Amino acid sequence: MAPRSDSQNLATGSAMSETSGESSIDPIFHILRIVPFSFLRPPRLRLKLPSFTLPSPMTVFSLILLTYFLVISGFVYDVIVEPPGIGSAQDPITGAIRPVVFMSGRVNGQYIIEGLSSGFMFVLGGIGIIMLDLALDKNRAKSVKASYATAGISSIVIGYVMSMLFIRIKIPGYLQ
Amino acid sequence: MGGKAESGNASPKSESMAAKKASPDLLNSLSFKSLKLKTKQQELLIRVSILGLVYVLAFIARLFSVLRYESMIHEFDPYFNYRTTLFLTEKGFYEFWNWFDSESWYPLGRIIGGTLYPGLMVTAALIYWTLRFLRFFVHIREVCVLTAPFFASNTTLVAYFFGKEIWDTGAGLVAAVLIAICPGYISRSVAGSYDNEAVAIFALLLTFYLFVKAVNTGSLAWALGSAFGYFYMVSAWGGYVFIINLVPLYVLVLLITGRYSMRLYIAYNCMYILGMLLAMQIRFVGFQHVQSGEHMGAMGVFLLMQVFYFLDWVKYQLNDTKLFQTFLRITVTSAILVGGIALGVGTASGYISPWTGRFYSLLDPTYAKDHIPIIASVSEHQPTAWSSFMFDYHILLFLFPAGLYFCFKRLSDATIFIVMYGLTSLYFAGVMVRLILVATPAVCLISAIAVSATLKNLTSLLRTKQKVPQTGSTKGAGSSKVSSKVSLDQSQPFQKNGAIALLLGAFYLLSRYAIHCTWVTSEAYSSPSIVLAARGAHGNRIIFDDYREAYYWLRQNTPTDAKVMSWWDYGYQITAMGNRTVIVDNNTWNNTHIATVGRAMSSYEDEAYDIMRSLDVNYVLVVFGGVTGYSSDDINKFLWMVRIGGGVFPVIKEPDYLVNGEFRVDKGASPKMLNCLMYKLCYYRFGELVTEYGKPPGYDRARGVEIGNKDIKLEHLEEAYTTSNWIVRIYRVKPPTNRL
């Protein structure tokens with residue numbers, strides 16, 4: 001039974017309701033049956049349309065974590081401003097070139113490596129909290145839970161301490 | 001519950017006690033025993049008191065600059081908003097709505113009524129009129145200064161309700177606390193920062209909350225509320241484009257993940273149609289919702305929703321799967337085809353305008369650097385480095401991924417929304433420093449989810465009851481398997497100690513967050529920018545009030561129809577405080593006019609004089625930081641004047657002013673630099689001044705060099721006023737000499 005159609009079916013103009021099956025009323029189908037395909041023989045292929053399945057939430061989450069790491073490390077800043085990977089300063093007395101890891105002098109400036117390492121520390125802290133939650137999950141063995149808990153706590157502690165260290169080096173007057 | 005039984009016992013007990021003992025005991029017993037509340041009432045009391053304290057905290061955390069300096073408006077843009085609010089309260093709404101201002105952008109003028117977002121001004125005026133109605137006769141400036149902290153407090157309440165909607169009341173409370181002191185929000189909403197973002201963030205969060213509530217309940221009333229919230233947002237800030245793109249994107253994600261429902265249909269349709277109609281009431285927005293490329297996503301998703309609804313109805317009518325599959329394929333193809341053709345025709349014919357530069361540079365961050373120097377020159381538009389994130393968020397950067405994890409564990413319509421809001425706004429915050437403000441509510445909410453979920457886990461560990469052998473119910477996170485109950489007994493005190501230690505650790509982290517936020521607010525975000533402060537030699541504080549000194553000099557010592565030429569940064573302040581006509585101001589709507597001023601500043605004095613005569617300029621104002629070491633002066637901004645001027649007038653070439661690609665002002669500087677108008681005006685008579693002990697006269701403290709050209713003679717201008725610390729210098733343009 002043909003549905004009561006509104007405005008949606010006006011555009012194509014060719015196919016009406018039944019395009020599948022032998023008793024088709026599609027004129028283009030009949031034309032195609034006669035003109036090339038009466039003397040051309042289509043090969044038998046075993047192709048299937050790729051089916052689109054949604055990825056699981058945790059897969060999406062891991063991709064998002066990667067993107068978060070890039071954004072937090074100042075990736076866009078790196079692409080646009082193009083700072084050097086690591087800065088350099090000349091020692092005034094000996095004249096040797098020393099590498100400088102943290103760009104000093106302003107809050108909104110960075111070298112590439114300092115951005116990536118700070119971003120890594122933030123993500124490490126985040127993963128630590130996630131591991132703590134996994135440690136409190138009921139359906140695991142006790143030893144696994146204990147190791148998750150230890151790993152989680154150490155990740156959080158290391159991530160926090162290193163981030164504080166980095167920000168103290170970067171901004172000399174921090175918390176004064 | 002214990003509370004119930006005890007309150008039941010309390011009343012006959014208190015009566016019997018009262019009958020036996022004297023009156024002080026009666027008073028005591030009545031007051032203590034009858035105050036024994038049920039648990040629900042206790043919880044309500046705790047929640048209300050926490051919210052009240054957070055409300056007060058959000059307000060007072062923003063008052064640093066009012067206490068240190070005085071109650072004044074900060075920065076540049078707020079001065080324009082203040083001037084328009086003053087006009088609104090004095091002349092009324094119709095004059096304000098139809099205002100043509102001839103005092104800025106001489107000789108073009110500016111249609112203020114049609115080129116501003118009136119939400120902020122109308123809000124402040126309404127508060128002002130309400131207070132006057134209640135017979136509190138405050139000055140409008142006080143209302144303007146305190147509007148931002150007031151709305152920040154309201155935002156914490158909305159954050160609480162939003163958190164309650166997404167997760168639970170615990171997360172709502174934590175979200176309110178986090179957003180009350182988060183430096184990312186405080187930076188644009190201190191007392192005195194009377195800018196659009198002050199009310200816009202409140203409107204943004206309110207719109208999102210009402211929309212999520214509408215999607216969760218499917219109620220038409222909430223959808224209507226979200227449409228009005230969107231209207232408030234459109235009236236308040238140009239950033240409403242974020243809402244009109246995020247909400248359709250969210251709807252699209254819900255459709256893809258198979259969460260189409262009648263609630264979503266009602267919520268989105270109502271909000272989109274009514275919101276669009278209401279948004280067209282703002283003259284500045286006009287018909288952009290049907291004409292601009294940035295708003296087409298919303299329309300496309302609207303049509304897609306109609307297709308979904310139609311397909312759903314047809315499926316219900318058909319009862320035949322195969323037929324329906326065919327019909328589905330045809331309809332989807334034809335809908336996409338029709339939509340694509342319509343979009344193509346609209347764009348090709350020019351009816352649908354392409355994305356404007358400001359928003360296009362968010363999608364392609366390299367665009368502004370190459371094509372639009374005015375956008376690239378604003379320091380707030382630079383991309384974000386990691387330290388800006390750390391400065392503005394601190395602990396929330398750790399809690400954000402954890403919160404995302406919890407949201408993904410418990411996916412629902414509301415958590416999908418907050419995840420999308422958080423991710424898109426964080427990406428945009430990475431592209432432009434200024435947009436950290438838009439990301440702040442999302443980051444606070446998601447972090448609150450992480451905090452609440454973790455604390456819930458830890459406290460449930462603490463609350464596992466000692467009586468373990470109950471085959472049915474086991475509360476808490478201990479294992480529920482019978483076999484491990486013995487080991488549970490032995491490890492329980494260890495678990496409890498561990499949980500207590502972790503709770504203490506969590507409280508330590510949150511207290512460090514509070515300390516960081518207070519320090520950042522106090523040191524970095526509470527400076528008025530118009531008043532500068534520095535530490536003197538003995539550690540005492542020195543205040544430089546040169547800007548206001550210069551503006552008041554202009555106000556009192558120049559003729560009322562005088563026109564002042566300066567770089568566009570100072571336009572709003574000159575018009576608001578100096579009350580004089582300016583050539584260009586912060587609105588930056590006319591690039592050619594700004595380029596003309598830039599060309600005048602970077603030309604030799606004779607050419608600049610011709611340009612100034614053509615613009616009827618009477619006074620020139622420059623900002624110079626060489627004496628005080630102030631680094632945001634016009635010499636440091638000079639290269640942007642050259643670039644913007646050179647973008648329109650090819651006679652100005654940037655390499656003329658550089659030496660080996662380097663910008664210098666000392667003896668090795670290029671001759672064009674040493675003789676251009678800006679150089680002469682900044683360094684006039686500076687060569688005789690000794691600025692620092694042990695350095696030669698004419699030592700520029702901001703650049704750290706001795707200037708190259710000390711013997712400056714001005715032919716067509718004369719010095720009118722220099723402020724006490726030489727920060728602002730005003731010159732009078734001399735009329736042409738008589739022909740002989």
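Residues numbered from 1 in each chain as written. Chains lettered and ligands numbered in written order. Predicted model: local features only at pLDDT ≥ 70, side-chain atom pairs only at ≥ 80, totals over all residues. Heavy atoms only, no water.

1. Regarding the overall build of chain B
Looking only at helices and strands, one finds 32 helices and 11 strands in chain B. The principal-axis extent of the C-alpha atoms belonging to chain B is close to 110 × 85 × 55 Å. Here chain B holds 740 residues, and the buried ones make up 53% of them. Residue pairs in contact within chain B that sit at least 24 positions apart in sequence constitute 72% of those at least 6 positions apart. (Helix = DSSP H or I, 4+ residues; strand = E, 2+ residues; numbered from the N terminus. Buried < 20%, exposed > 50% of the residue type's maximum accessible area, 1.4 Å probe, protein only. Contact = heavy atoms within 4.5 Å.)

2. Digging into the UniProt feature "domain: STT3/PglB/AglB core" (unreviewed entry) in chain B
The sites that carry the UniProt feature "domain: STT3/PglB/AglB core" (unreviewed entry) are, in the present numbering, residues 563-621 of chain B. What you have in residues 563-621 of chain B is 51% helix and 14% strand, and the ends, taken at the C-alpha atoms, are 11 Å apart. (UniProt positions renumbered as here; feature names shortened; annotations may be inferred.)

3. Points about the domain arrangement of chain B
If you check the domain split of chain B, you get domain 1 (197-353) and domain 2 (543-733). In this structure, domain 1 of chain B and domain 2 of chain B have C-alpha centres spaced 50 Å apart. (Domains from an automatic or database assignment.)

4. Overview of the side chain of D634 of chain B
Along the chain, D634 of chain B turns up in the loop between β7 (619-623) and α30 (638-648). Within the structure, the side chain of D634 of chain B is placed 2.8 Å from the side chain of Y570 of chain B, a separation counted as a polar contact. (Polar contact = N/O pair within 3.5 Å; in protein donor to acceptor, adjacent residues only side chain to side chain.)

5. Here we look at the environment of V107 of chain A
Inspection of the secondary structure puts V107 of chain A in the loop between β2 (97-100) and α4 (112-135). Relative accessible area serves as the criterion here: at 28%, V107 of chain A is assigned to the partly exposed category. Taking the C-alpha atoms as reference points, V107 of chain A and S147 of chain A, separated by 40 residues in sequence, lie 38 Å from one another. With sequence-adjacent residues up to four places away left out, V107 of chain A is seen in contact with K170 and I171 of chain A together with S387, S388 and F391 of chain B.

6. As for the pattern of salt bridges
Residue and element names in this part refer to chain B. By the definition in use, this model includes 28 salt bridges over all chains. Here R141 ties to E142 by a salt bridge, and the two come within 3.1 Å at their closest N and O atoms. In this structure, the salt-bridge partner of R259 is D413, at a minimum N-O distance of 3.5 Å. Separated by 154 residues along the polypeptide, R259 in the loop between α13 (240-256) and α14 (262-279) and D413 in helix α23 (residues 413-431) bring together distant segments of the chain. (Salt bridge = Lys/Arg side-chain N within 4 Å of Asp/Glu carboxyl O.)

7. Some thoughts on helix α16 (residues 296-318) of chain B
Residues and elements named next belong to chain B. The terminal C-alpha atoms of α16, which comprises 23 residues, lie 33 Å apart, in line with the 33 Å expected from a rise of 1.5 Å per residue. Those residues of α16 that fall on the buried side of the exposure criterion are M296, A298, V301, F302, M305, V307, F310, L311, V314 and L318. On its buried side, α16 packs onto α13, α14, α15 (288-291) and α17 (321-349). Following α16 by one or two positions, N319 adopts a phi angle in the positive range, close to 60 degrees. (Expected span 1.5 Å × (residues − 1).)

8. Remarks on the confidence of the model for chain B
Interpreting fine coordinate detail is not advised for predicted regions of low pLDDT. Residue and element names in this part refer to chain B. Within chain B, residue pLDDT values average 87, and 91% of them lie at 70 or more. Counting interchain partners and residues more than four positions distant, the pLDDT-below-50 stretch residues 1-21 has seven contacts. Low pLDDT, under 50, characterises residues 467-487; the predicted model gives this stretch 23 contacts beyond four residues in sequence or across chains. (pLDDT = per-residue confidence, 0-100.)

9. Remarks on the packing of aromatic side chains
Aromatic ring pairs: the centre-centre distance and the angle between the two ring planes describe each pair. Residues and elements named next belong to chain B. Inspection of every chain in the model, using the stated rule, returns 59 aromatic pairs over all chains. Between F93 and F96, the aromatic rings sit 6.1 Å apart at their centres with planes inclined by 45 degrees, giving tilted as the arrangement. Here F96 and F93 lie together in helix α6 (residues 93-97), a separation of three residues that amounts to about one turn. Sitting over the face of the ring of Y106, K563 holds its NZ or CZ atom 4.8 Å from the ring centroid. Between R599 and the ring centre of F649, over which it is positioned, the NZ or CZ distance is 4.9 Å. (Phe/Tyr/Trp six-rings, centres within 6.5 Å; stacked < 30°, edge-to-face > 60°. Lys NZ or Arg CZ within 6 Å of the ring centre and 35° of its normal.)

10. A short note on the state of the cysteines
Residue and element names in this part refer to chain B. Inspection of the entire model under this criterion finds zero disulfides over all chains. Left unpaired, C407 is separated from the closest cysteine sulfur, that of C444, by 14 Å. Overall, C407 belongs to the buried group, its relative accessible area being 0%. Free cysteine: C676, not disulfide-bonded; nearest cysteine sulfur from C682 at 8.6 Å. (Disulfide = S-S within 2.5 Å.)

11. Observations regarding the UniProt feature "transmembrane region" (unreviewed entry) in chain A
Residue and element names in this part refer to chain A. Sites flagged by UniProt as "transmembrane region" (unreviewed entry) map to residues 54-77, 111-136 and 148-169. In residues 111-136, helix accounts for 92% and strand for 0%; the two terminal C-alpha atoms are 39 Å from one another. Along residues 148-169 one finds 100% helix and 0% strand; the C-alpha atoms at either end are 31 Å apart.

12. Things to note about the packing of helix α2 (residues 57-72) of chain A against helix α22 (residues 396-409) of chain B
It is at 10 Å that the axes of α2 of chain A and α22 of chain B come closest, and there the two elements cross at 165 degrees. Overall, the two elements α2 of chain A and α22 of chain B adopt an arrangement that is roughly antiparallel. Two packed elements cross with a definite hand, and for α2 of chain A against α22 of chain B that hand is right-handed. Judged by residue contacts, P57, M58, V60, F61, I64, L65, Y68 and I72 of chain A of α2 of chain A engage L397, F400, P401, L404, Y405, F408 and K409 of chain B from α22 of chain B. Taken together, the residues of the contact of α2 of chain A with α22 of chain B break down into 14 nonpolar, no polar and one charged. (Axes fitted to C-alpha atoms, helices over the stretch in contact; angles between N-to-C directions. Parallel < 35°, antiparallel > 145°, perpendicular 65-115°, else oblique. Left-handed = near helix turned anticlockwise from the far one by under 90°. Nonpolar A, V, L, I, M, F, W, Y, C, P; charged D, E, K, R; others polar.)

13. Some thoughts on a nonpolar patch on the surface
Nonpolar side chains collect at one region of the surface, where F52 and L54 of chain A together with L249, L252, I256 and L304 of chain B lie side by side and expose about 550 Å² of accessible area between them. A total of three residues in the nonpolar patch trace back to one element, the largest contributor, which is α13 of chain B. For L304 of chain B, the location among the structural elements is in helix α16. (Patch = residues over 30% accessible without salt bridge, like charges linked within 9 Å, V, L, I, M, F, W, Y side chains within 5 Å. Areas by Shrake-Rupley, 256 points an atom, 1.4 Å probe, with all protein chains shown as cover.)

14. Concerning the nonpolar core
All names here are of chain B. F162, F208, Y268, Y393, Y547 and Y683 are the most contacted members of the largest nonpolar core, which has 234 residues in total. Both domain 1 (197-353) and domain 2 (543-733) contribute no fewer than three residues apiece to this core. If we ignore the near neighbours within four places in the chain, the residues touching Y683 are F624, I635, V665, D700, R703, I707, I712 and R729. (Core = buried A, V, L, I, M, F, W, Y, C linked by side-chain atoms within 4.5 Å.)

15. Concerning the environment of V627 of chain B
Residue and element names in this part refer to chain B. Assignment of secondary structure puts V627 in the loop between β7 and α30. You can call V627 buried: its relative accessible area is 17%. Along the backbone, V627 and F686 are 59 residues apart, and their C-alpha atoms lie at a distance of 8.8 Å. When residues no more than four places from it in sequence are discounted, the contact partners of V627 are F686, L689, T691, R701, N725 and W726.

16. Some remarks on the pairing of strand β11 (residues 728-733) of chain B
All names here are of chain B. Of all six residues making up β11, five are buried, and the element is well covered by its neighbours. Alignment of β7 against β11, held across five bridges, turns out to be antiparallel. From the neighbouring strand, V623 faces β11, where its bridge partner is V728. Relative to β11, strand β10 (residues 717-722) runs antiparallel, the two being bridged by five bridges. Each residue of the ladder has a partner; that of T722, found in β11, is R729. Where β10 folds back on β11, the antiparallel hairpin that results is connected by five residues, among which W726 adopts a positive phi of roughly 65 degrees. (Pairing = 2+ DSSP bridges.)

17. Describing helix α5 (residues 77-91) of chain B
Residue and element names in this part refer to chain B. In a regular helix each residue adds 1.5 Å, so 15 residues correspond to 21 Å; α5 covers 21 Å between its end C-alpha atoms and thus fits that length. With 11 of 15 residues buried, α5 lies mostly within the body of the structure. A positive phi of about 95 degrees marks G92, the residue just after α5.

18. Details of the interface of chain B and chain A
Opposite the 59 residues of chain B that make contact, chain A presents 63 residues. Contact between chain B and chain A buries roughly 5,600 Å² in total, counting both sides, with carbon and sulfur atoms accounting for 73%. Three residues stand out in chain B for area buried against chain A, namely W386, F398 and Y405 of chain B, and they jointly supply 16% of the buried area on that side. Applying the counting rule to chain B against chain A returns one salt bridge. D133 of chain A is paired through a salt bridge with K409 of chain B; the nearest N and O atoms lie 3.0 Å apart. Taken together, the links from chain B to chain A amount to 11 residue pairs in polar contact (both at pLDDT 80 or more). Mapped onto the side of chain B that touches chain A, the elements with two or more residues apiece are α16, α17, α19 (366-371), α21 (386-393), α22, α23, α24 (436-462) and α25 (485-523) of chain B. Sort the elements by how many residues they give to the side of chain B that touches chain A and α22 of chain B lands first, with 11 residues. (Buried area = accessible area lost by both parts, 1.4 Å probe.)

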